[in-house]
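Descriptive analysis of the structure
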Amino acid sequence: MWFIETVLLACLITLGWTLMFTVPKRYILPCLLMTAFGFGLKTALVYQHIHLVVASFFGAMLASFLGVYFSKKYTLPPKALISPSVICMMPGIAAYKAMVSMVQIGYFGFSDELFSQMMVYLFEALFVTSGLVLGLSIPGLLFYRRRAIV
């Protein structure tokens, strides 16, 4: 039950972003489907004790593959569909905790445990964001490449 709840909340976030990006009404459902499958895969992999970075990579890659499919089906640019659907996978909590740790270092003074906590959260946010970027770029490299790979 918690899985369905988290996927529905992610779809609610995507619905808000599609309204902010002014995606036409008939393309909102494909964005929600991409979110449901991509975020659902990420959540399922994290539940199976796969590292968050790897899970985010595969979730973003699945959403991006679906975005390429829907963009060809509806003759839209894929970025118009993919962008709102992967925002819910951004590492907001890790980035927030890194910033809070940085502010605490400035307020309370330097300490080793605050610095190490800040660096752990900072690198977690950076690596999850890098995993999302790589996952989003894989379908574009495969389908929209003009020259041969070799």
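This structure is a prediction, so every number in the text was calculated from the model and none was measured. (Residues numbered from 1 in each chain as written. Predicted model: local features only at pLDDT ≥ 70, side-chain atom pairs only at ≥ 80, totals over all residues. Heavy atoms only, no water.)

In the numbering used here, UniProt assigns the "transmembrane region" (unreviewed entry) feature to residues 46-69, 81-99 and 119-144. Taken end to end, residues 46-69 has its terminal C-alpha atoms 26 Å apart, with 83% of it in helix and 0% in strand. Taken end to end, residues 119-144 comprises 96% helix and 0% strand; its first and last C-alpha atoms sit 37 Å apart. (UniProt positions renumbered as here; feature names shortened; annotations may be inferred. Helix = DSSP H or I, 4+ residues; strand = E, 2+ residues; numbered from the N terminus.)

All right, on to helix α6 (residues 112-143) then. Given a rise of 1.5 Å per residue, 32 residues ought to cover 46 Å, and the 47 Å separating the end C-alpha atoms of α6 matches this to within 8%. Those residues of α6 that fall on the buried side of the exposure criterion are L114, M118, A125, V128, G131, L132, G135 and P139. As for α6, its buried residues are in contact with α3 (52-74) and α5 (92-108). (Expected span 1.5 Å × (residues − 1). Buried < 20%, exposed > 50% of the residue type's maximum accessible area, 1.4 Å probe, protein only. Contact = heavy atoms within 4.5 Å.)

Residues other than glycine seldom take positive phi values, yet T22 does so here, at roughly 50 degrees. Mapped onto the elements, T22 comes out in the loop between α1 (2-20) and α2 (28-47). Here H49, not a glycine, exhibits a phi torsion of approximately 65 degrees, which is positive. Tracing the sequence through the fold places H49 in the loop between α2 and α3.

Orientation of α3 relative to helix α4 (residues 78-86), taken along the N-to-C sense of each, is 145 degrees, at an axis distance of 8 Å. Crossing of α3 over α4 shows right-handed handedness. Note on element contacts: α4 touches α3 through P78, L81, I82, S85 and V86, opposite A63, S64, G67, F70 and S71. Of the residues contributing to the contact of α3 with α4, the split by class is 6 nonpolar, 4 polar and no charged. (Axes fitted to C-alpha atoms, helices over the stretch in contact; angles between N-to-C directions. Left-handed = near helix turned anticlockwise from the far one by under 90°. Nonpolar A, V, L, I, M, F, W, Y, C, P; charged D, E, K, R; others polar.)

Moving on to the UniProt feature "domain: Threonine/Serine exporter ThrE" (unreviewed entry) in the protein. Per the UniProt record, "domain: Threonine/Serine exporter ThrE" (unreviewed entry) is found at residues 7-140. Overall, residues 7-140 shows 84% helix and 0% strand. The separation of its end C-alpha atoms is 25 Å.

This next bit is on the environment of M34. Assignment of secondary structure puts M34 in helix α2. Setting aside anything within four residues of it in sequence, one finds M34 in contact with F39, A63, L66, G67, F70, L81, I82 and S85.

This brings us to the confidence of the model for the protein. On average, the protein scores 90 in pLDDT, and the residues at 70 or more come to 96%. Least confident of the elements in the protein is α4, whose mean pLDDT is 85; most confident is α2, at 94. (pLDDT = per-residue confidence, 0-100.)

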